[in-house]
Amino acid sequence: MNILKNIKGFYELSLMEWKGVVSSIIFLGGCNFRCIYCHNYDMAFNPKDIPSKDLDDILNNLDNRKGWVDGVVISGGEPTIYGEELIDFLLIFKKRGLKTKIYTNGYNYDVIEKIVDKKIVDEISMDIKHIPGKYEEIIKVKLPELEDRILASINILKRAKINKEFRLTAVKGVHSLEDIKKISELISPEKIILQNVTNDCVRDAYKELITPFTDEEIKCFEKKIEVDHGY
Ligand code: SF4
């Protein structure tokens, strides 16, 4: 793999992607999951079809906006599929005095552990797909040691002295209130961030599998989780 040939997108400025941090976003192509609700499926599944961005151009852009941009968010796709290359990649930005955040699906716990131990990441946002035993309903691939690796990542992040967030994209008919409660317990004392699924940017083959909850249902879930965990 070559991380530098798989830089598939760059947003110069975001005020929303990272709470309290003015950031640029880099998208890396490729992913080991095939989630039914993936909105970035071309980038995740067919990165070769998307032209790559030049790292030097991105660095020039960041250097020109020094003092305005505080951090770089590495999104995807799945950044951790690049293994050790991700470490060197993050270091490029840390050496420029920028904060770094990554999004991950949590499968490559060993990569997550390394970047946490090396203190080259300031925030990690991990997507939780389902409860252990039901992951394949969402990710649609069989991967070795799947549940153990996800649990390992959760535990690494719970211990890590960095900002962390756990997100669940809730799909009606796939996630029940009981599932959401179990996931909430799994990541406790951290709090799950519930996102309602949308089916407008997903692959046609999966559109029928995806039904959003109503806003009221999501609010009700949030309330029940709060009550159960005494937040
Ligand atoms: S982990 Fe993220 S990028 Fe990969 S398939 Fe799932 S939603 Fe898409």
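Every value quoted in this text rests on a predicted model; they were computed, and no experiment measured them.

Rules used in this analysis
- Residues numbered from 1 in each chain as written.
- Predicted model: local features only at pLDDT ≥ 70, side-chain atom pairs only at ≥ 80, totals over all residues.
- Heavy atoms only, no water.
- Helix = DSSP H or I, 4+ residues; strand = E, 2+ residues; numbered from the N terminus.
- Rg over C-alpha atoms; globule rule 2.2 N^0.38 Å.
- Buried < 20%, exposed > 50% of the residue type's maximum accessible area, 1.4 Å probe, protein only.
- Contact = heavy atoms within 4.5 Å.
- Pairing = 2+ DSSP bridges.
- Axes fitted to C-alpha atoms, helices over the stretch in contact; angles between N-to-C directions.
- Salt bridge = Lys/Arg side-chain N within 4 Å of Asp/Glu carboxyl O.
- 1 Å grid on protein atoms, 1.4 Å probe; cavity = no way out; pocket = protein on both sides within 12 Å on 5 of 7 lines; lining within 4 Å.
- Points joined across faces, edges and corners; volume = space filled by probe spheres on them.
- Nonpolar A, V, L, I, M, F, W, Y, C, P; charged D, E, K, R; others polar.
- Right-handed = clockwise from strand over helix to strand, strands pointing away.
- Near = heavy atom within 4 Å.
- Sits in = over half its atoms within 2 Å of the grid points.

*Asks:* Explain the overall build of the protein to me, please; I cannot follow it from the model alone.
*Replies:* For the protein, the count of helices and strands is eight helices and seven strands. Rg of the C-alpha trace for the protein: 18 Å, near the compact-globule value of 17 Å for 231 residues, within the 12% margin. When each of the 231 residues of the protein is scored for burial, the buried share is 49%. Relative to all contacts within the protein whose residues are 6 or more apart in sequence, the contacts with residues 24 or more apart total 71%.

*Asks:* Can you help me understand the sheet that holds strand β5 (residues 123–128) in this one?
*Replies:* Sheet strands associate in pairs through backbone hydrogen bonding, adopting either a parallel or an antiparallel arrangement. The strand order across the open sheet formed by seven strands is β1-β2-β3-β4-β5-β6-β7, and the pairing between neighbours is mixed. Whereas interior strands pair on both sides, the edge strands pair on one side only; in this sheet they are β1 (7–14) and β7 (192–196). The sheet shows a mean angle of 20° between the axes of neighbouring strands, direction not considered. Alignment of strand β2 (residues 23–28) against strand β3 (residues 71–75), held across five bridges, turns out to be parallel. When the sheet's bridge partners are listed, I26 is paired in β3 with I74. The strands touched by helix α6 (residues 146–159) within the sheet are β5 and β6 (163–170), with β5 carrying the most contacts at an inclination of about 145°. Here helix α7 (residues 177–187) sits on the sheet and contacts β5, β6 and β7; the angle it forms with β7, its principal contact strand, is near 145°.

*Asks:* It is not clear to me how the pattern of salt bridges should be interpreted in this structure. Could you clarify?
*Replies:* Side-chain pairs of opposite charge can arise where the charged atoms are in close proximity. Per the stated rule, a full pass over the model turns up 13 salt bridges. D110 is the salt-bridge partner of R149, the closest N and O atoms lying 3.8 Å from each other. With R149 in helix α6 and D110 in helix α4 (residues 109–117), the pair connects residues that are 39 residues apart, well separated along the chain. With a relative accessible area of 13%, R149 lands in the buried category. For D110, a relative accessible area of 33% gives the class partly exposed. Here E145 ties to R149 by a salt bridge, and the two come within 3.7 Å at their closest N and O atoms. One network of salt bridges, with partners in common, ties together K101, E123, E165 and R167.

*Asks:* Could you clarify how one ought to interpret the layout of surface pockets in this entry?
*Replies:* One water molecule sets the probe size; rolling that probe over the atoms shows where empty space is left. Roughly 890 Å³ of internal volume is contained in the largest pocket. Every residue lining the largest pocket is counted, 34 residues in all, and those nearest its centre are H39, N40, S75, G76 and D127. Grouping the amino acids of the lining of the largest pocket by side-chain chemistry returns 14 nonpolar, 13 polar and seven charged.

*Asks:* Quick question: what am I supposed to make of the pairing of strand β4 (residues 99–104) here?
*Replies:* Among the six residues of β4, five are classified as buried, and the element is accordingly described as predominantly covered. Of the strand pairs in this sheet, β3 and β4 are connected by four bridges, and their pairing is parallel. Paired with G71 across the strands is K99, a residue of β4. Handedness of the β3-helix α3 (residues 84–94)-β4 crossover: right-handed. Between β4 and its parallel partner β5, the chain crosses via α4, and the hand of that crossover is right-handed.

*Asks:* Looking at this structure, I do not really get the site of the ligand. What am I missing?
*Replies:* Around the ligand, the structure places C31, F33, C35, C38, F45, G77, N105 and K129. Most atoms of the ligand, that is more than half of them, are within 2 Å of grid points of the largest pocket. Residue composition of the shell around the ligand, grouped by class: five nonpolar, two polar and one charged.

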